[in-house]
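Residue-level structural notes
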Amino acid sequence: MTRTILSLIVVAFAAAHLLAADWPQFRGPHGNGVSDEADLPATLDAAKSIAWAADLPGRGLSSPVIIGDRVFVTSSSGPQQDRLHVFCFNAKDGSKRWERQFWATGRTMTQSKTCVAAPTPVSDGRRLFVLFSSNDLFCLDLDGNLLWLRGLTRDYPNASNSLGLASSPVIVGETLIVQIENDSESFAAGLDAATGVNRWKLDRPRDTAWSTPAVFKDKSGRLTVALQSKPGVTGVLPADGQVVWSYENGNAIPSLTAGDGVLYVPSRFFIALQPDASSATPKELWRTTSLGGGTSSALLLGDRVFIVSGAGKLTCGKTVDGERLWSLQLKGPFSSSPVAAGEKLCVVNEKGLVSIVDVSKPQGEILSQLDLGQTILCTPAIANGALYIRSDGKLWKLVKP
Amino acid sequence: MKQLSLAGLAALLCLRLCAAAPTDIAGAIKVIRAVGPEGRGNADASAAWKTLAVADAGHLTALLTAMDGTEELVANWFRAAVDTIVSRELGASKKLPVDELVKFVADTQHNPRARRLAFELVARIEPATAEKMLAGMLDDPSLELRRDAVHRVIADAVGVAVAGRKPEAIQRYQQALRAGRDVDQIQEVAKSLRDLGESVDLPKLFGFLTQWKVIGPFDNTEGKGFAAVLPPEKEVNLAAEYDGKSGKVRWANHTTPHELGMVDINPLCGQLKGVVAYGYTEFNADKARPAELRLGTKNAWKVWLNGKLLFDREEYHRGMQMDQYRLAVQLQPGRNTILVKACQNELVEKWTVEWQFQLRVCDHLGTAILPAAAR
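Rules used in this analysis
- Residues numbered from 1 in each chain as written.
- Chains lettered and ligands numbered in written order.
- Predicted model: local features only at pLDDT ≥ 70, side-chain atom pairs only at ≥ 80, totals over all residues.
- Heavy atoms only, no water.
- Contact = heavy atoms within 4.5 Å.
- Buried area = accessible area lost by both parts, 1.4 Å probe.
- Salt bridge = Lys/Arg side-chain N within 4 Å of Asp/Glu carboxyl O.
- Polar contact = N/O pair within 3.5 Å; in protein donor to acceptor, adjacent residues only side chain to side chain.
- Helix = DSSP H or I, 4+ residues; strand = E, 2+ residues; numbered from the N terminus.
- Nonpolar A, V, L, I, M, F, W, Y, C, P; charged D, E, K, R; others polar.
- Buried < 20%, exposed > 50% of the residue type's maximum accessible area, 1.4 Å probe, protein only.
- Pairing = 2+ DSSP bridges.
- Arc of directions from axis to C-beta.
- Domains from an automatic or database assignment.
- Disulfide = S-S within 2.5 Å.

Time to look at the interface of chain B and chain A. Residue-level contacts link 48 residues of chain B with 46 residues of chain A. Summing both partners gives a buried area of about 4000 Å² for chain B against chain A, and 54% of it is carried by carbon and sulfur. If you sort the residues of chain B by the area they bury against chain A, Glu38, Asn76 and Arg318 of chain B come out on top, with a joint share of 17%. The interface formed by chain B and chain A contains seven salt bridges. Between Glu144 of chain B and Arg83 of chain A there is a salt bridge, with its nearest N and O atoms 3.1 Å apart. The tally of links between chain B and chain A comes to 23 residue pairs in polar contact (both at pLDDT 80 or more). Among the elements of the structure, α1 (2–17), α3 (42–53), α5 (72–91), α7 (112–125), α9 (143–162) and β9 (308–313) of chain B are those that each provide at least two residues to the side of chain B that touches chain A. For the side of chain B that touches chain A, the element with the most residues is α5 of chain B, which contributes 10 residues. Looking at side-chain class alone, the side of chain B that touches chain A contains 19 nonpolar, 11 polar and 18 charged residues.

Right under this line is the structure:
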């Protein structure tokens, strides 16, 4: 009983440290690509929109994470990509507040397009949890003090993917959840956020996957973590890893998107699921092939869902039935996922072209574009009215001119 | 008020949950060095780390020394403390103990990673001192320091070559080739030497095993051959004949001409899918010694040394690179047997055709260990 009360206090304390304007994880505060803020810059201008640009070493396609006035980002460097960097920049001027470096303890081999700094960190507002493709996991406070670390390949020697890993960790209360999917030793684990020790560990299908878990409340109000890989999607309880439902359709690359108790699965079809506590099989609300798909994950904005294909077709559909509303051709190719605030959506193609799209218009309308001139594979972040985008060598803050 | 209350409660909770931190550096180091698998000892280490992080710069070499004999997981704890101290001290315009750090770098008995870290600290404060140190690091046990030293020699060789002083350029490139351990540097130097008309024996330089006995194909339908204990795993009898996937199979000699020791099984067994083959070789060691077997393959594999399974991995066609897997072993004096199981899956895409492996014997730095007869 005492432990339960203490846990609740910790969760409440952690929640009190996240601000509405923060971007604490991959695809934002709700993991659906949408900021709680009202707006994005409508106009981007090379001379006036770039508030600052900071240099980064080596490689990196993780997204920035923003807590208050701090911007966190990771990189990997060195001939073997075995130098792992965690940076904290001041949001105001891009000056470096601190940097920590670590040595990779797991395998650093990846396919050439990706790199060791592929997963995006997650923060609960007090701590930063940083995972690399080498399965090195670090917990730091926001001032860069090390709280704990793990070497997951050291503990589970076959848990690696020669193409590289990219699934980002998520945090639910005092449980940090990692999804390490590969051909040889796949697992998901819930770690004690205070110590990094396993609370639970779950065998997963032996297949490659790069999808980030989705945290959501199902129809019955139960907080669930959905784990996706190619064979399907599994719902687990974050506290103990208990499997509560499973579904036999999934995807290895784009992540799940959740909202209002509905889980959107980007499999061969785009599928809306409604899990609830009464059934071990989620109810399938609809499925469609008309919304397209690719590497990027779907964005959920109110009653609409947005998907960017690899070739750059942005498609808007209705969440109620999957009906396609409109499509807008953008310049591709795309690897990253769209983000949005208010009715403005931001997408960045692999060539570094940033586009702001007004999705309140009947067919969508490109409001502005800015060519950053570098290869960009990362999903942008939004905080305090600004956009944060990184390439291998740069981190930019874009603001209203 | 509400926030204050929450903060107070959290602080009380922290007091309740956090382990008592050692207040002395030596005690804190001991606690961190005791960190074990799966986060065991993390809570104590986290508390101990705070003691290290507030130490002054005078303790830097103690923290660097604490990395001696530790694995990199543990060393990362100390590295974070070093970074934290350095950042704070330099931010406060305090000085780092450069002389102590230089002495630490010079002592090659220390942890190579720690020495490199100390070197980088020296380079931040006194770049000229660091640059001077590199000149003597061509044979350094820190691969990162050695790499930079080799880079200097390569740059020198390029300059001499451009100036038309070919014999000097060759001499410098050969010096770089002897010292280099990183694959990319070695390949760069080998190309330069060949462009200058010199020959380079890369298989020997890397220590690739090029002479094999190969047998197959055995059945790997539905991937079941990976786990199956097939005849060569029970006994290596080079005169034996077995039932293979589509008929009798027997061992055949194979010497790979590939520059990086690639054993391509497709031409030997036919371009097949859903199959298993074995490669067998012997390595004559002049003495008992620690070594590494370094394997590269896109196929699922198992490797045995002297009949003992070293590691196995069931991953197909996710990429390959030289030294992809490093297997630490102890060679016995005289004859050592090496058996490689290479499995091919049943996918039909173009990128799943390769059925091959490369294997070399070297020390932990990547220095080739040659068989006794080849010395």
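This part is about the pairing of strand β16 (residues 232–236) of chain A. Residue and element names in this part refer to chain A. Where burial is concerned, most of β16 is hidden: five out of the five residues are buried. Both faces of β16 are covered, namely the face carrying Gly232, Thr234 and Val236 and the face carrying Val233 and Gly235. Bridge count between strand β15 (residues 223–229) and β16: five bridges; the pairing is antiparallel. The residue of β16 that forms the bridge with Val225 is Val236. A loop of two residues connects β15 with β16, the two strands running antiparallel in sequence. Here β16 runs beside strand β17 (residues 243–247); their pairing, made up of four bridges, is antiparallel. Bridge pairing links Gly235 to Trp245 in β17. Once β16 ends, the chain turns through six residues before running back antiparallel as β17, passing Gly241 with a positive phi of about 75°.

Residue and element names in this part refer to chain B. Three or more residues of helix α6 (residues 98–106) are buried, namely Val98, Leu101, Phe104 and Val105. One side of α6 carries all its buried residues, which in axial view fall inside an arc of 120°. Counted as exposed and oriented over 90 degrees from the buried face of α6: Asp99, Lys103 and Ala106.

This part takes up the pattern of salt bridges. Pairing between side chains becomes possible if they bear opposite charge and their charged atoms approach one another. In total, this model carries 58 salt bridges over all chains according to the counting rule given. Measuring nitrogen to oxygen at the nearest pair gives 3.4 Å for the salt bridge that ties Asp83 of chain B to Arg79 of chain B. Of this pair, Asp83 of chain B and Arg79 of chain B both sit in helix α5, four residues apart, which is roughly one turn of that helix. Under the relative-accessibility criterion, Arg79 of chain B is labelled buried at 3%. Across the pair Glu144 of chain B and Arg113 of chain B runs a salt bridge, and its minimum N-O distance is 3.3 Å. With Glu144 of chain B in helix α9 and Arg113 of chain B in helix α7, the pair connects residues that are 31 residues apart, well separated along the chain. Residue classification places Glu144 of chain B among the buried positions, given a relative accessible area of 19%. Assessed through its relative accessible area of 12%, Arg113 of chain B is described here as buried. When salt bridges with common partners are traced through the structure, they connect Asp82 and Arg83 of chain A together with Glu72, Arg113, Arg116, Glu120, Glu144 and Asp148 of chain B into a single cluster.

What follows concerns the domain arrangement of chain B. A common way to express how large an interface is: the accessible area buried when the components associate. All names here are of chain B. In terms of domain boundaries, chain B breaks down into domain 1 (2–134), domain 2 (143–200) and domain 3 (206–374). Buried surface at the junction of domain 1 and domain 2, summed over both partners, amounts to about 670 Å²; 56% is from carbon and sulfur atoms. At the junction of domain 1 with domain 2, the criterion picks out three salt bridges. The salt bridge involving Glu131 is made with Arg152; its shortest N-O contact spans 2.8 Å. Breaking the side of domain 1 that touches domain 2 down by element, the ones donating at least two residues are α7 and α8 (127–134). At four residues, the largest contribution of residues to the side of domain 1 that touches domain 2 is made by α7. In terms of residue class, the side of domain 1 that touches domain 2 is built from three nonpolar, no polar and four charged.

Glancing now at the side chain of Thr297 of chain B. With respect to the helices and strands, Thr297 of chain B occurs in strand β7 (residues 289–297). In this structure the side chain of Thr297 of chain B is engaged in a polar contact, spanning 3.0 Å, whose partner is the backbone nitrogen of Asn299 of chain B.

Residues and elements named next belong to chain A. Note that Ser391 resides in the loop between β31 (386–390) and β32 (394–398). According to the relative accessible area criterion, Ser391 is buried, its value standing at 2%. Reaching out from Ser391, the side chain makes a polar contact with the side chain of Gln374 at a distance of 2.7 Å. Look past the residues within four positions of Ser391 in its chain and what remains in contact with it is Leu56, Gly60, Gln374, Thr375, Ile376 and Trp396.

Residues and elements named next belong to chain B. Applying the stated rule across the entire model yields zero disulfides over all chains. Here Cys269 stays unpaired: no disulfide links it, and the sulfur of Cys343, its closest cysteine neighbor, is 12 Å away. The class for Cys269 is buried, based on a relative accessible area of 17%.

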